[in-house]
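Chain residues, written in single-letter form:
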Amino acid sequence: MKDQLQNLLIKCIGDLIDQGVISEMPSKIRLDHTKDRSHGDYATNVALMLAKQANVNPKELAQTIIKQLGVAEFIEKTEIAGPGFINFFLSSESSSSVINEIIDSGKGYGVSNIGAGQSVLLEYVSANPTGPLHVGHGRGAAYGATVSNLLRTVGFKVDNEYYVNDAGRQMDILTVSIFLRYLELSGEKVRFPDNGYQGSYIKDIVGRISERYGDTFQIESTLVFDGICKDGIDGGDKESHIDELIARSKNLLGADFKSIFEVGIESILNGIKEDLADFGVVFEKWFSEQSLIDSGLAESSIDKLQKSKHVYTKDGALWFRTTEYGDEKDRVVVRDNGIHTYFASDIAYHLEKFERGYDKVINVWGADHHGYIARVKASIAAFNHDPEKLEIILVQFANLYRGGKKVQMSTRSGSFVTLEDLRNEVGNDAARFFYILRKSEQHMDFDLDLAKSKTNENPVFYIQYAYARISSVFRQVQDKGINFNHKGADLSLLLEESEKTILRELNRYRGVIETSALQYEPHQLAYYLRDLAAHFHSYYNACPFILEDQNLTQARLSLIYATKQVLENGLHILGVSAPDSM
RNA sequence: GCGCCCGUAGCUCAGCUGGAUAGAGUGUCGGCCUCCGAAGCCGAAUGUCGUGCGUUCAAAUCGCAUCGGGCGCACCA
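## Concerning the pattern of salt bridges
Reasoning step 1: In this structure the tally under the stated criterion is 28 salt bridges.
Reasoning step 2: Across the pair arginine 504 and aspartate 41 runs a salt bridge whose closest N-O atoms are separated by 4.0 Å. Of this pair, arginine 504 sits in helix α19 (residues 497–518) while aspartate 41 sits in the loop between β1 (31–33) and β2 (42–44), and the two are 463 residues apart along the sequence.
Reasoning step 3: Residue arginine 504 is classed as buried on the basis of its relative accessible area, which comes to 16%.
Reasoning step 4: As a salt-bridge pair, lysine 353 and glutamate 123 come within 2.6 Å of each other at their nearest N and O atoms. Of this pair, lysine 353 sits in helix α13 (residues 342–355) while glutamate 123 sits in strand β5 (residues 119–123); the two residues are 230 residues apart in sequence, bridging distant segments of the chain.
Reasoning step 5: You can call lysine 353 buried: its relative accessible area is 0%.
Reasoning step 6: Accessibility expressed as a relative area gives 4% for glutamate 123, which makes it buried.
Reasoning step 7: Ionic contacts of the salt-bridge type, sharing partners, join the residues Arg191, Asp194, Asp231 and Asp234 into one network.

Encoded structure:
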């Protein structure tokens, strides 16, 4: 409907240009759903925009435009309002026709082909596999999964990808942490390093190792600790301490070091996968950082940079001239000790991503990574790819509050609330919904006490309740033996204010899906559903649906059936269930 | 010091590709179940849209400045 009106408007302005009333097409014609129903269904500001170049006052121009527009069967009337807006009132027939469209399309209502099958690589979460996901990761997971659903709904082909940082020093630290706990649990005296991973999940991993390998790795702990420099708390340097422990452990364990590591990473990764799957977040691809090194891609991409003279040596390290592409300083790719930096892997990873030939590459990152954008884009540009094609969405942190106090989270110290805990406390639906309710740039305060103790206040229940209520009405319909069929319904009987309001909302749905998807803003959909539910609840209290008057009954049932369908489709995109009863 | 994000009702936040009287939830106060689910509805009160200047017919929305909060500025990942 909006498209028709928009086309009509564009044609009209074209005509006026031909007539010399105005000189050029405005860059953007705005035709919006009105906020206030007294302003009609749609409003445009073209007259205001063009008044200057036409050199007449806006209201006069609006008059001219309306005259030129002529009559269309779907418009009941037009009005000039305020400083020169043109308001369009749709005929009741055209606005209620959405009911049949919705019911006939069912679960497919809202699906479109705006994306035209373009392929999208969407990377998100990508939390380091050093422990279970915590509530901070949950936000990225819920956000990414919902954006993915939205993009698919509007016709993009989306691959969800998780980048697994399974290489580098942190993996060594993880392995040593497991090893030391293993020794400890087999009775050895261990002074656990400050910098080790202290979470209880490490002990679970030790359990698996014992199952698989028994006590084959057991050695006297003095062999591990003798001669190692002091830890941080003991007045030494915690970084050197753990590095020496890593070197010693590798030495003592030989190939067994890798065995321990493999059990650890597998266990953690499986945990993460299950956790996400339970949360309704499914990744098609798990991309391993180690695979970049094993395949030689990390090495070869640096070679390429060397050939194209984008790198140079300084202070024994290899530097990438990212400043050539607008970064504030050059970045080290290979350290003076010959070890690749994390950035080196990322260069290879993004090169690899681009070479897979996606139309769009999107990264969802935590806000703490924003300083990283320039260098990654630089690396893309250095390989002669278009850095603009990489879209980076920064998701701000979720701060946790408990008892009115901010909860400090650290994987290392083990002092965090896991995503699993949260899901168990508040349920998947509430968690999914709550996470995307704030736009990604907004810092989020996640009040655990509120989420746990007052779950009924969560807006997700309000929406689900609307859905359940409608389901309940249709159970009644069935019990009473009423034969509901929207096809025969006389929708012109829907004359109540609350009915017109719901019709307006239903007409908005497709537009909401479109903007939510294209702007990567799931919260817009969440707010829409909240509004739709509110209008339904209001209607529910104002009007009975099952009445003596069969025609009115059919019309009203059609309206709420369509509402139910839109609620269902919208909730589905958000990854939230739509229960028939609660 | 530099960069990014945020500053809107008591609290948590929408609105921000400029548009018509600034909106929700929650909290406070007062009503509504012999009637399709009261996890609901109806009504009331509440605002220097951080501040200042500018652009514009029109600014919460755009620009500049400034104040406040968060985060980032590694040969860590």
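This is not the end of the story, as more comes after the structure.
## What about the pairing of β5?
Reasoning step 1: Burial of β5 is extensive: 5 of the 5 residues sit out of reach of the surface.
Reasoning step 2: With burial as the criterion, each face of β5 is covered, one bearing Ser119, Leu121 and Glu123 and the other bearing Val120 and Leu122.
Reasoning step 3: In this fold, the crossover linking β5 to strand β6 (residues 157–164) by way of helix α5 (residues 135–153) has right-handed handedness.
Reasoning step 4: Pairing geometry for β5 and strand β11 (residues 360–366), over 4 bridges, is parallel. When the sheet's bridge partners are listed, leucine 122 is paired in β11 with isoleucine 362.

## As for the confidence of the model for chain A
Reasoning step 1: Summing up the model confidence of chain A, the mean pLDDT is 90 and the portion of residues at 70 or higher is 96%.
Reasoning step 2: The complex model carries a pTM of 0.94, and its ipTM stands at 0.95.

## Things to note about the protein's contact with RNA strand B
Reasoning step 1: The local shell around RNA strand B holds 61 residues, among which Phe85, Arg335, His370, Tyr465 and Cys543 are the closest.
Reasoning step 2: In RNA strand B, atoms within 4 Å of the protein come from the sugar-phosphate backbone in 61% of cases.
Reasoning step 3: Within the backbone of glutamate 441, a nitrogen or oxygen atom sits 2.6 Å from a sugar or linking oxygen of RNA strand B.
Reasoning step 4: Elements with a minimum of two residues in the surface near RNA strand B: α2 (46–54), β4 (85–90), β9 (317–320), α18 (459–479) and α20 (522–542).
Reasoning step 5: Of all the elements, α18 adds the most residues to the surface near RNA strand B, at 8 residues.
Reasoning step 6: Considered class by class, the residues forming the surface near RNA strand B number 22 nonpolar, 19 polar and 20 charged.

## Quick look at helix α15 (residues 419–426)
Reasoning step 1: Among the residues making up α15, those that are buried are Leu419, Leu422, Arg423 and Val426. The buried residues of α15 all sit within an arc of 100 degrees when viewed along its axis, so they share a single face.
Reasoning step 2: Taken from the residues just after α15, glycine 427 is the one with a positive phi, measuring 90 degrees.

## Some points on the sheet that holds strand β7 (residues 285–288)
Reasoning step 1: Spatially, the 5 strands line up as an open sheet ordered β7-β6-β5-β11-β12, and their pairing is parallel. Both outer strands of the open sheet, β7 and β12 (390–395), are each paired with one neighbouring strand and no more. Strand-to-strand twist across the sheet, computed as the mean angle between neighbouring axes with direction ignored, equals 25 degrees.
Reasoning step 2: Contacts between α13 and the sheet are confined to β5, β6, β7, β11 and β12, with β6 contributing the most and set at about 160 degrees to the helix.

## A closer look at α20
Reasoning step 1: Over its 21 residues, α20 extends 31 Å from the first C-alpha to the last, a length consistent with the 30 Å expected when each residue adds 1.5 Å.
Reasoning step 2: By the burial criterion, the buried members of α20 are Pro522, His523, Leu525, Ala526, Tyr528, Leu529, Leu532, Ala533, Phe536, His537 and Tyr539.

## So, the sheet that holds β9
Reasoning step 1: Ordered by their spatial adjacency, 3 strands build an open sheet running β8-β9-β10, and the pairing between neighbours is antiparallel. Lying at the two open borders of the sheet, with one neighbouring strand each, are β8 (311–314) and β10 (331–334). Ignoring strand direction, the axes of neighbouring strands in this sheet form an average angle of 45 degrees.
Reasoning step 2: Taken strand by strand, helix α12 (residues 297–307) contacts β8, β9 and β10, and its axis lies near 70 degrees from that of β9.
Reasoning step 3: Running over the sheet, α13 touches β9 and β10 and is turned about 85 degrees from β10.

Analysis parameters
Residues numbered from 1 in each chain as written. Chains lettered and ligands numbered in written order. Predicted model: local features only at pLDDT ≥ 70, side-chain atom pairs only at ≥ 80, totals over all residues. Heavy atoms only, no water. Salt bridge = Lys/Arg side-chain N within 4 Å of Asp/Glu carboxyl O. Helix = DSSP H or I, 4+ residues; strand = E, 2+ residues; numbered from the N terminus. Buried < 20%, exposed > 50% of the residue type's maximum accessible area, 1.4 Å probe, protein only. Right-handed = clockwise from strand over helix to strand, strands pointing away. Pairing = 2+ DSSP bridges. pLDDT = per-residue confidence, 0-100. Near = heavy atom within 4 Å. Polar contact = N/O pair within 3.5 Å; in protein donor to acceptor, adjacent residues only side chain to side chain. Nonpolar A, V, L, I, M, F, W, Y, C, P; charged D, E, K, R; others polar. Arc of directions from axis to C-beta. Axes fitted to C-alpha atoms, helices over the stretch in contact; angles between N-to-C directions. Contact = heavy atoms within 4.5 Å. Expected span 1.5 Å × (residues − 1).

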